[in-house]
Every structure is written in C-alpha cells, then in structure tokens.
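Report on the structure
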Amino acid sequence: MIDLWTIIEDSFEPKKQHHKETIFTIGNGYLCTRGAFEEGYPDDHRATFIHGVFDAAPIVFTELANAPDWLPITVYLNSERFSLDTGTIESFQRTLDLRTGLLKREVRWRSPSGTTATLTFERFASLADEHLLYIRCRVTPEFAGTVEFRAGLNGNMHNEGLVHFQWQGQGKQDDVIYLHNRTRKSGIEIGTAMQITNVVGREVIREDWDVQNAPTRMVRVEAVPGQTVGIDKRVAVFTSREFYSADVVTVAVHRAREAASWESALEVSKQAWAEEWDRTDVIIEGDNEAQIAIRFNLFQMLIAAPRHDDRVNIGAKTLSGFGYRGHAFWDTEIFMLPLFIYTAPHIAKNLLNYRYRNLPGARRKAQANGFEGAQFPWESADTGDEVTPTWVPHFAEPTKLVRIWTGDIEIHISADIAHAAYQYWQATGDDDWFIELGAELILDTAKFWASRAEWNAEKDRYEYNDVIGPDEYHEHVDNNAYTNRMAQWNLQTALEVLEWLKKHAPKKAKALMKQLDLNQKRLETWGEVIEKIYLHIAPNGLIEQFEGYYQRKDIDLATLEPRTKSAQEIFGIEGCNETQILKQPDVLMLLYVLRNDYLGEIVQVNYDYYMPRIDHTYGSSLGPSIMAIMACEVGKPDDAYEHFIRAVRADLRDVRGNAGDGIHAASAGGTWQSVVFGFGGLRVTSDGWTAKPRLPKHWKRLSFKFFHHGKMQEVDIKGK
Ligand code: IFM
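Here we summarise the structure given alongside this text.

Rules and cut-offs
- Residues numbered from 1 in each chain as written.
- Predicted model: local features only at pLDDT ≥ 70, side-chain atom pairs only at ≥ 80, totals over all residues.
- Heavy atoms only, no water.
- Helix = DSSP H or I, 4+ residues; strand = E, 2+ residues; numbered from the N terminus.
- Buried < 20%, exposed > 50% of the residue type's maximum accessible area, 1.4 Å probe, protein only.
- Contact = heavy atoms within 4.5 Å.
- Pairing = 2+ DSSP bridges.
- Axes fitted to C-alpha atoms, helices over the stretch in contact; angles between N-to-C directions.
- Parallel < 35°, antiparallel > 145°, perpendicular 65-115°, else oblique.
- Left-handed = near helix turned anticlockwise from the far one by under 90°.
- Nonpolar A, V, L, I, M, F, W, Y, C, P; charged D, E, K, R; others polar.

Here we take up the environment of Gly-191. By secondary structure assignment, the location of Gly-191 is in strand S16 (residues 189-200). Taking the relative accessible area as the measure of exposure, Gly-191 reaches 0% and is therefore buried. Separated by 242 residues in sequence, Gly-191 and Trp-433 have C-alpha atoms that sit 34 Å apart. With near-sequence residues (within four places) excluded, Gly-191 lies in contact with Leu-179, Ala-236, Val-237, Phe-238, Val-248, Val-249 and Ala-252.

Shown next as structure tokens:
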C-alpha cells in the first residue's frame, strides 16, 4: 500500500541539498526551519525564519533575518564525528510525514575507521504551541565504547553573508541553556532556550561548554552493540515582537523548562495537525502522484500561515528560503488567500488585517508618487512601504545591473488586495470585519485608482499608461487590460460598498466619507473613470493585452524547442518585450479573477489566442495553476491536468532549478484553486455556490471541504 502522506528521499545526493532543504522545511506558522542537517555542512543553507523578524539589508531594503539555529547536534562515535561527507553511507532515508509535520532521517553510517551505527534524527515544530521545537536523536551502535552528543544553539547565523543577529548574552538557568540575540538595525530581541531531556543509555559524562554565541551541552553515554542510546532536545523561541516589555530570555527559559516531553508534545501537535487537515485536505483517487503532491503543496501553505499574528504576510517563498527576502507580493491575495478564505477564514483574516494595518505605508506610497488614496507596494515587508529593489544583478551577466520596474509601475496589486478583501467578505459573510476594516481597503484603493487615471481628451477616455501587467515580459505598456479592468472593478465595487455601508452601517459610512474625503464631486469622478476607462475588446470578445500588443512580433514558441531556457533568457529582456510571448497569463488571469463577470465564449476566444503564446514551462511559476483552471473552463480537463501537474511538481521536482531559494508559494496556493475551482468547478456568487466538476479522465474521485458563510460544505465527486 503506497503511503500518500509521506515525502521520501532514499539516497543522499549532496548536489541536491539546497533543493531538499526547501522540500524538507518544517514549521508551524510562527517560524519555519529549512531541512538542513543537525550536524551541519559548510555549504548548507540552514535557516530558520520567523514571521515579522525583518532587518535592514542593502539593495532589498529589508529581509527576514536568519534566526539563531536550534538544530545543532553533532554525534561522536568513539570520538569520530558523524558526518555524511566522510566514511561510508550504508543506507539513507529521509521522510516528511505531511500528516503530522514530523521529519525523520535514518542513516546507517560507517566511520573512516570502520565504526558503524544507525542514527535517526526526528524533528518537529509544535503546531499546538508555536514557540516549541523538538529534536530526538537516537543511535544504535554496532560497536562498544561511547557515543557523544553535542547539542547546542548557534547565534552565528547570516543571510548569505550578511549577519543580522548580534550577540547579547548567554547562560544557564538550572538545567536550561539560553542564548540572547538582537537584530542589528530593527532591534528585535530573540531569546532561545534549550533543554536536553530523556537521555537514553548510561551517562558517562556531561559538560556545558560556554562557547561565545554557541552554547553547547555535551552528553556522553556508554555504547553497547545493538543497544539504542540518545537524547531529546527541546527548544523554546520568543521574540520581542510577541513580548514588548517582558524579557524574552526569561520567557524562553521558562517555556523550555516547563514544556511537555517529546511524546506528549508530539501527541498534541498531531491533534492540531489533524484539525488542520480535516478542513484542508483534498482527496484525489486514481492518481497517487497528484494526491501526494497536492498534500505537499498544502502542507507548505499550512506551515507558513500565520495563525496568531495579523501583522505579517506570507512571502513569495514562504518562510522556506532566502528568495525574495520574505517580501510579500500579489502572490498572497490572488494565489494563496483563496485557500485560506475557504478553509481557514481566521488565517485569511490575519493576512487581510496585515494589509489594513499597512494602509499608512500604502498612503505614503501614493502620496510620494503624487496620487491620492492607498497605493500598495509591489513588495511589502514589515512597514508596508515599498521594498522592491530598484537595481539587481542581471540573471545571465551578474556583473551588469538590471533596473527593476515592478515597484514603480506594477500597480495592479492595489486592486488585487481590494478584490481579496471583497472575496473574503462574500465567502464568509463577515460583516463586522468588512465594516470595520475591509470597506476602507476597497474605498481607499479606489481613491488611488481615480487619481492615477489619465484623461485622454483626444480619445475621450481614461487610461493607465506606463504600467506592467501580470505578464512581466512586457514593461512600460499602456492600458494593460488586467490593470484597467481591475481598476474599474475596484472603483465600481467601492461605489457599491459605499451604498451598502450607508444602509447597513450608516455611522461608519459617514465616518469613512469624512476621513477619506469622499465628497460628491469625487464620487462623480469615480463614475466617469468607470464609464470611460479604456479596454480594447474586439467584436468576437478578444481582449488586447495592452495597447499595441498585436503589433509585437508573433513568435511560434514551438520553433524554440528543444530548449532549457525561458523566452526572456533566449531573446533578452528588451528582445522579449518586443514579442507577443507572455511570462504568465494576463488577459486569462483577468478572466479568472473576475470569472463571475465573464461568459464562456469570451473565455474561449481569449484562451485560444493567448494560451499558445505563454511561456508555460520556463516562464513564471504562477502561470500553470491558473492555466489549469482556464483549461477546465473551456472544457479541456486533460489539458488542464498538464498544467496542474506542472504546478504541483514545481518544487518537488525543482522544475525551474531554483527551488533551493524556497517554496514557490503562489504556485503552491494556486494548486488548491486548480483542484477546487478548476477540476471541482466550484463557483461562489452572492446567490450561493455551485460545483460543476470536470475531472481528468483518470481521476476516480475528488473530494474537498470548504466554508461558506461559516458553514463547512463538502464536495465529493466520483470520476467516470
Ligand atoms: O509576483 C510574482 C510575479 O508575478 C512574477 N515574478 C515573481 C513574483 C513573486 O513570486
């Protein structure tokens, strides 16, 4: 019987370690730790990222700071250090149990001098108490002598060379070892405390080594052939983000000391996982790969999702890697949020509150650009100010710099956030939240759109010029259909919301009208922009992606095959800009996001046109999950499957060769949408919900749950 809940690695391949560190990331929504090995290697990318723990960094403004390492355990077999790069690996297996979040490695290893043992390392981040982390190490020696465990904390961490955490102190209270660090610029304190419990075997000697910034406890036990020995290590982590006034060290020490044993903690964590999976799991029968892979993608979303903090967002690489520095993009609202809206509305609310709390940053951005209202940053971190780097090294020629324009002109994100707030409201019926917070997001972004619109008197229309749409192969375009239509949607919805507020929450309506200066004249302008915004739609329904798109070179992507590079790498940034090749769906993205407004024929004609022009394999990882849905929309579930499988494999198979930088979060979130909105055909409108399934031929069953207005719904579809 195949285990459909476990990711398995059966051999150790050093060249793939960065990729595997990402895959074997564990976490609990407070922090995530990459799957680096306890004993450490010079080239590993070991990292623990904690939500909201940002620190200043050159070029990228700010980044999630790599926290003190809680993993270190080195094992000595009769004084020989266990290490995978010496001796002989007789057998190796690593497994990640997605159902419980337990990561396990079992290695039978022979040292250079022939001393052999089987070592197992297990670790988990408690989902029941997000400040607690556990490792269990067991060694079954095939020799007599001693086994020594050196378990510690290591504050000497860095972000690819940049050190963020400064040492503040360390010490011991009773049996607990602690470390105190603080980020260099943002001044966030972190207390990490460690306790060694449950020493198995006859203890010969125990010492504490007060190594600066790396306190370590050594426990040596007697080795008897065939008799398993070992230690349990439990760690507590707190930052000053949770405890503004209390001493983070005191709290961490107390928690490490008082925490439950491995067995009890694992049990309650498993229960917490069982509750998560009960809401979130998707069952696919007839396709084992798809079943495991969708669970893997959901797991990655679940370990990154902030459950108890509404001041943080999920970065484009979750908390699983250095890529994009922990910055959040539209990836959250469009690709990840629907999963949470429908399966864990409390998490969706936290993520939306983050945007609400960061309205001041969005207002600063609008003002700095000469606009009104709220213009959300393309990349967002702790303050809500724009943190997109302006220049970065060229991907192919790193000695050259490339100007990144997204932070300046990829403006659709403001409407994406407004849309997400509206979708949350529609799906949950959470009027209280909408009145208090959500409505303001929609109204203030509308204010931005009205002020950003350009009046073209000659053509009697409003325009948004010099923008980037979702398809980033085309920069500095005029009247991108996605941007224009989403802006129009934002303005239209804002007017409707205002009317709704006047009726259902008149005091709030009055307060917001005053606060945002929503006078009659302003609202009339909104109406004019809505009416006269430019959109090029041909009589057959074909929407031009941006003005002049059809005049760009039309290249048959098939002529580029066989290839291993993206169209942008082949043609160069400028060259690709001159073609019709798309990095990711743009018009089709629009038809997806606003799917309740568009009819089948329009979808078909645009699908037929744009689908062959998308750089599916080498373009953006955000594309495939959406393409799967659009293929379902035009009645091609088996084509949809090709896109879907590409999306679920994105990280597991390292399709783009960059999974080592972290999980492709948007792709992971999008896979849930492919299954539920694509194959399951779920449609939610103000009238309720319907499901119009279109399963791939070989699927025998698809089953999922979702919340609608607070009630759990279940969809169970049998294949043919
Ligand atoms: O937000 C995306 C963008 O759409 C394509 N480039 C990568 C970004 C982060 O995932």
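Quick look at the sheet that holds strand S7 (residues 73-77) now. Spatial ordering of the open sheet is given by S8-S7-S13-S18-S17, a layout of five strands whose pairing is antiparallel. What marks the edges here is a single partner per strand, and that holds for strand S8 (80-81) and strand S17 (203-209). With five bridges joining them, S7 and strand S13 (residues 145-152) adopt antiparallel strand pairing. Looking at S13, one finds that Thr-74 is bridged to Arg-150.

Where helix H5 (residues 330-343) meets helix H19 (residues 665-679), the axes come as close as 8 Å, and the angle between the chain directions of the two elements is 50 degrees. Classified by the angle between their axes, H5 and H19 sit oblique to one another. For the element pair H5 and H19, the recorded crossing hand is left-handed. Only Ala-665, Ala-666, Gly-669, Gly-670, Trp-672, Gln-673 and Phe-677 of H19 make contact with H5, whose side of the interface consists of Asp-331, Ile-334, Phe-335, Met-336, Pro-338, Leu-339, Tyr-342 and Thr-343. Per-class residue counts for the contact of H5 with H19 are ten nonpolar, four polar and one charged.

In contact at an axis separation of 11 Å, helix H10 (residues 431-452) and helix H12 (residues 506-515) are set at 40 degrees when each is read in the N-to-C sense. Comparing the axis directions of H10 and H12 gives the class oblique. The way H10 lies across H12 gives a crossing that is right-handed. Counting all contacts with H10, which are made through Ile-435, Glu-436, Ala-439, Glu-440 and Leu-443, the residues of H12 involved are Lys-508, Leu-512 and Gln-515. For the contact of H10 with H12, the per-class residue count stands at four nonpolar, one polar and three charged.

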